[in-house]
Amino acid sequence: KGLSKKFGIALLCLLIIGIGYTGMDVYMQRHGMPVRYSDLQNQPAEGSINEMQLSLKASYEESISMDGSVMLDSVISKLTDGGYNAVMIDIKRDDGSVGFKNALATVDTYGSVAFPATDLKGSVSKLKEQDLLAVGRVYCYMDNLVPQKDRSAAILDSNGIPYTDSKGNTYLNPDSQTAYKYIKDIIAEAADAGITVFVLDGTDLPEAIADEYSGGFDKLAAKLYNDLGTDIKFVKGIDVSLSASDIGKSENQESNDEESASRKAEEETTESTTQNKITELLPQIDTSREVYFITAAADKAETKSVLEDCGISSYILAD
């Protein structure tokens with residue numbers, strides 16, 4: 001009898017607890033604030049690529065080298081020997097040409113493909129096997145091909161012909177749905193091939209017309225994230241040009257490999273001066289959304305060494 005009584009009490013306690021939790025759950029569902037679908041849509045998934053802080057030590061290479069074969073093997077060897085962790089290629093160049101073989105009807109219509117990566121998907125996969133990240137650069141609005149063939153996508157002047165800047169460049173219209181879809185489709189096609197990080201370049205229009213159109217990196221990136229999702233990352237390229245003297249190398253020093261003890265103190269002073277100079281030449285950037293694109297006249301390996309001595313943690317380096 002005593003055992004049955006204890007069992008009955010325990011059962012009653014469990015019943016009371018169950019009723020209490022059920023009641024609390026009903027109350028919270030009735031009185032809690034409703035979850036809006038738009039709120040869920042605007043929240044990026046945990047660990048999304050677009051939230052990641054990148055540390056790119058990338059080398060710029062021609063798109064045509066992404067052939068999945070011999071040329072790619074040469075690039076991989078150069079990257080690994082040079083201590084790089086990424087390679088950047090052109091997806092869409094500043095002249096408007098598209099740098100990879102694709103199935104887009106608009107690209108075919110405009111005849112935009114030139115010197116393309118013939119096997120982008122296979123090349124990206126092969127790079128991943130070597131722990132190398134493939135980065136794609138997209139020149140967005142500067143385009144000298146499409147505006148001549150489709151004025152609905154172009155910025156036009158008062159005479160209704162494509163606007164040209166002082167250098168003769170024409171531009172896609174940031175407010176044109178045709179232009180936006182063209183850029184978006186090119187990026188989506190490259191993303192399907194495995195590219196996850198895109199450098200958006202040419203997002204700013206010439207000062208003379210900039211106020212008339214809704215250009216800019218932030219606006220374009222926001223639209224692309226909304227349409228393509230957050231499993232890719234967009235960063236803005238900050239162009240910097242460095243000469244041999246900027247990194248502390250003269251023509252005489254470059255041709256002479258022998259160092260004497262008497263020059264050591266002078267070289268240490270030069271190194272310190274060089275680091276200060278590099279710091280002055282490179283503008284402050286937000287590394288979560290921007291990356292340096294550095295064109296160097298000096299030896300690439302020497303430039304890379306100087307950049308890292310200066311604490312530059314994310315860059316793309318070109319000859």
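Note that the structure is predicted; figures quoted are calculated from it, not measured. (Residues numbered from 1 in each chain as written. Predicted model: local features only at pLDDT ≥ 70, side-chain atom pairs only at ≥ 80, totals over all residues. Heavy atoms only, no water.)

1. A few points about helix α3 (residues 70-82)
Over its 13 residues, α3 extends 18 Å from the first C-alpha to the last, a length consistent with the 18 Å expected when each residue adds 1.5 Å. Taken residue by residue, α3 has L72, V75, I76 and L79 as its buried positions. All buried residues of α3 lie within an arc of 100 degrees about the axis, which places them on one face of the element. Residues of α3 that are exposed and point more than 90 degrees away from the buried face comprise V70 and D81. If you follow the buried residues of α3, they end up packed against β1 (57-60), β2 (86-92) and α5 (120-129). Immediately downstream of α3, the backbone of G83 shows phi near 80 degrees, a positive value. (Helix = DSSP H or I, 4+ residues; strand = E, 2+ residues; numbered from the N terminus. Expected span 1.5 Å × (residues − 1). Buried < 20%, exposed > 50% of the residue type's maximum accessible area, 1.4 Å probe, protein only. Arc of directions from axis to C-beta. Contact = heavy atoms within 4.5 Å.)

2. Digging into unusual backbone geometry
Not every positive phi belongs to a glycine, and F115 is a case in point at roughly 45 degrees. As for its position among the elements, F115 is in strand β4 (residues 113-117). Its identity as a non-glycine residue notwithstanding, D131 has a phi of 60 degrees, on the positive side. Along the chain, the position of D131 falls in the loop between α5 and β5 (133-139).

3. Thoughts on the packing of α3 against α5
Between α3 and α5, whose axes approach to 11 Å, the crossing angle comes to 30 degrees. One way to sum up the angle between α3 and α5 is to call them roughly parallel. In this structure, α3 meets α5 at a crossing whose hand is right-handed. Contact residues: L72, D73, I76 and L79 in α3; S123, K126 and L127 in α5. Counted by class, the contact of α3 with α5 contains four nonpolar, one polar and two charged residues. (Axes fitted to C-alpha atoms, helices over the stretch in contact; angles between N-to-C directions. Parallel < 35°, antiparallel > 145°, perpendicular 65-115°, else oblique. Left-handed = near helix turned anticlockwise from the far one by under 90°. Nonpolar A, V, L, I, M, F, W, Y, C, P; charged D, E, K, R; others polar.)

4. Some thoughts on the confidence of the model for the protein
Residue-level pLDDT values for the protein average 85, and 81% of them are 70 or greater. A low-confidence stretch, residues 25-47 stays under pLDDT 50, and its non-local contacts, those more than four residues away or across chains, total six contacts. (pLDDT = per-residue confidence, 0-100.)

5. Some details on the side chain of K184
Mapped onto the secondary structure, K184 falls in helix α7 (residues 177-192). The side chain of K184 is buried and forms no salt bridge, while D185, the nearest opposite charge, is found at 4.5 Å. Sequence-distant contacts of K184, defined by excluding residues within four places in its chain, comprise L224, D227 and L228. (Lys, Arg positive; Asp, Glu negative; His and termini not counted. Salt bridge = Lys/Arg side-chain N within 4 Å of Asp/Glu carboxyl O.)

6. What to know about α7
The end-to-end C-alpha distance of α7, which contains 16 residues, comes to 22 Å, matching closely the 22 Å that a straight helix rising 1.5 Å per residue would cover. Where α7 is concerned, the buried positions are A179, Y180, Y182, I183, K184, D185, I186, I187 and A190. The N-cap residue of α7 is S176: its side-chain oxygen and the backbone nitrogen of T178 are 3.2 Å apart. After α7 finishes, the residue G194 shows a positive phi value of roughly 115 degrees. (Polar contact = N/O pair within 3.5 Å; in protein donor to acceptor, adjacent residues only side chain to side chain.)

7. A few points about the side chain of S97
Checked against the element boundaries, S97 lands in the loop between β2 and β3 (98-100). Classification of S97 by relative accessible area gives buried; the value is 4%. Among the polar contacts listed, one links the side chain of S97 to the side chain of D95, at a separation of 2.7 Å.

8. Concerning the environment of V240
With respect to the helices and strands, the residue V240 is situated in strand β7 (residues 233-242). Ignoring sequence-local partners within four residues, the contact set of V240 consists of L281, L282, P283, Y292, F293, I294 and T295.

9. Description of the packing of α7 against helix α8 (residues 217-228)
Relative to each other, α7 and α8 sit at 60 degrees, their axes nearing to 11 Å. Comparing their axes, α8 and α7 come out oblique. The crossing of α7 and α8 is right-handed. Residues Y180, K184, I187 and A188 of α7 form the contact with α8, whose participating residues are L220, K223, L224, D227 and L228. Each residue belonging to the contact of α7 with α8 can be placed in one class, and the counts come to six nonpolar, no polar and three charged.

10. Looking at a nonpolar patch on the surface
A cluster of nonpolar side chains, contributed by I64, M71 and F115, occupies part of the molecular surface with about 310 Å² of accessible area. Its relative accessible area of 62% is what places F115 among the exposed residues. (Patch = residues over 30% accessible without salt bridge, like charges linked within 9 Å, V, L, I, M, F, W, Y side chains within 5 Å. Areas by Shrake-Rupley, 256 points an atom, 1.4 Å probe, with all protein chains shown as cover.)

11. Some remarks on the packing of aromatic side chains
Within the structure shown, the criterion is met by five aromatic pairs. Aromatic side chains Y110 and Y182 sit 5.3 Å apart centroid to centroid with 75 degrees between the ring planes, which places their arrangement in the edge-to-face category. Residue Y110 is found in helix α4 (residues 105-110), and its partner Y182 is found in helix α7; the two are separated by 72 residues along the sequence. Look at Y110 and you get buried, because its relative accessible area is 9%. Residue classification places Y182 among the buried positions, given a relative accessible area of 3%. (Phe/Tyr/Trp six-rings, centres within 6.5 Å; stacked < 30°, edge-to-face > 60°.)

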